Amino acid sequence: MKKLLEKDGFYLALFVCISLLAVGGVWFVKNDVNDLASNNEIVNDKDNSKKEDEVHLIENENKDGVPTSTESKENLETAKNKEAKKISKLEFVGEKVIREYSAKEPSYSETLNLWEVHKGLDVSCKEGQSIKSLLSGKVTNIFKDDAHGMSVEVESEGKTVIYSNLSEDIKVKDGQTVKEGDVLALAGNTSVVESSEGPHIHIEAFKGKESIDPMSLIK
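Residues numbered from 1 in each chain as written. Predicted model: local features only at pLDDT ≥ 70, side-chain atom pairs only at ≥ 80, totals over all residues. Heavy atoms only, no water.

Teacher, can you tell me more about the pattern of salt bridges here?
Two side chains that carry opposite charge are able to pair once their charged atoms sit near each other. Per the counting criterion, the structure on display carries two salt bridges. As a salt-bridge pair, Arg 99 and Glu 116 come within 3.4 Å of each other at their nearest N and O atoms. Of this pair, Arg 99 sits in strand E1 (residues 97-99) while Glu 116 is found in strand E3 (residues 114-118), placing the two residues 17 residues apart along the sequence. Taking the relative accessible area as the measure of exposure, Arg 99 reaches 7% and is therefore buried. Judged by its relative accessible area of 25%, Glu 116 falls in the partly exposed class. A salt bridge links Asp 169 to Lys 171; its shortest N-O distance comes to 3.2 Å. (Salt bridge = Lys/Arg side-chain N within 4 Å of Asp/Glu carboxyl O. Helix = DSSP H or I, 4+ residues; strand = E, 2+ residues; numbered from the N terminus. Buried < 20%, exposed > 50% of the residue type's maximum accessible area, 1.4 Å probe, protein only.)

Now the structure itself:
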């Protein structure tokens, strides 16, 4: 009987220990699950806040950054008006650009049959066409350039514009004040280095002594 009681007591103690371990394990697991759920709520809140911020950001971009159809039409009209003004000023000196200004990269010269830096703007025109001043200013020189033929120089607020390849029929005098659009001369074909390009006006522009693109005056 004594041995039986000792044996039953051992199993009873073992059962109690196992039960305690089981209860403790359940308790720890429950706490871990609760902690995990709390962390998920925090993460979800952050994600939700981020999503809300993203939504607000997109909404703001749609309101402020994306043009409406009306704004697009207005922008298009503005661009057309600017282009029309640029074209109208080109009509002062010719019809279209046949050789652009290049301060560093060479462009091809049909007359000389070589590539060279072209610090001027060539605009096609008809021989005898009236050539008008791009800017208001003062005629500071009328001369025949060895390369570009008959030329008229006009100074305006620190800028100088030289119109070349003109005919000898000059309409202004040295020292004369001219306004934008006034006729300076008639188009000719007196340039030695650009004779193969046909009738056109060769325009050079300077800011101080620095060469600049004449198109910057047109724009």
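How should the nonpolar core be read in this particular structure?
Generally speaking, nonpolar side chains in soluble globular proteins are found buried as a group. Counting 26 residues, the largest nonpolar core has Val 152, Val 154, Tyr 163, Leu 166, Ile 170, Val 172 and Ile 201 as its most contacted members. Of all the elements in the fold, those that place two or more residues in this core are strand E4 (121-124), strand E7 (149-156), strand E8 (159-170), strand E10 (183-187), strand E11 (200-207) and helix H3 (215-218). Per-element accounting of this core gives the leading share, four residues, to E8. Once residues within four sequence positions are removed from consideration, Leu 166 is found in contact with Ile 131, Met 150, Ser 151, Val 152, Ala 185, Leu 186, Ala 187, Gly 188, Thr 190 and Ile 201. (Core = buried A, V, L, I, M, F, W, Y, C linked by side-chain atoms within 4.5 Å. Contact = heavy atoms within 4.5 Å.)

Got a minute to help me understand the pairing of strand E2 (residues 102-109) in this structure?
Regular strands have side chains that alternate between both faces of the sheet. Looking at chain direction, E2 and E3 are connected through four bridges and run antiparallel. Bridging from a neighbouring strand, Ser 109 pairs with Leu 114 of E3. Linking E2 back to E3 in an antiparallel pair, the connection comprises four residues, with Asn 113 at a positive phi of about 55°. (Pairing = 2+ DSSP bridges.)

Would you mind showing me how to read the environment of Tyr 163 here?
By the secondary structure assignment, Tyr 163 is in strand E8. Given the relative accessible area of 1%, Tyr 163 is considered buried. The sequence separation of Tyr 163 and Met 150 amounts to 13 residues, and the corresponding C-alpha distance is 8.3 Å. At 2.9 Å, the side chain of Tyr 163 forms a polar contact with the backbone nitrogen of Leu 134. (Polar contact = N/O pair within 3.5 Å; in protein donor to acceptor, adjacent residues only side chain to side chain.)

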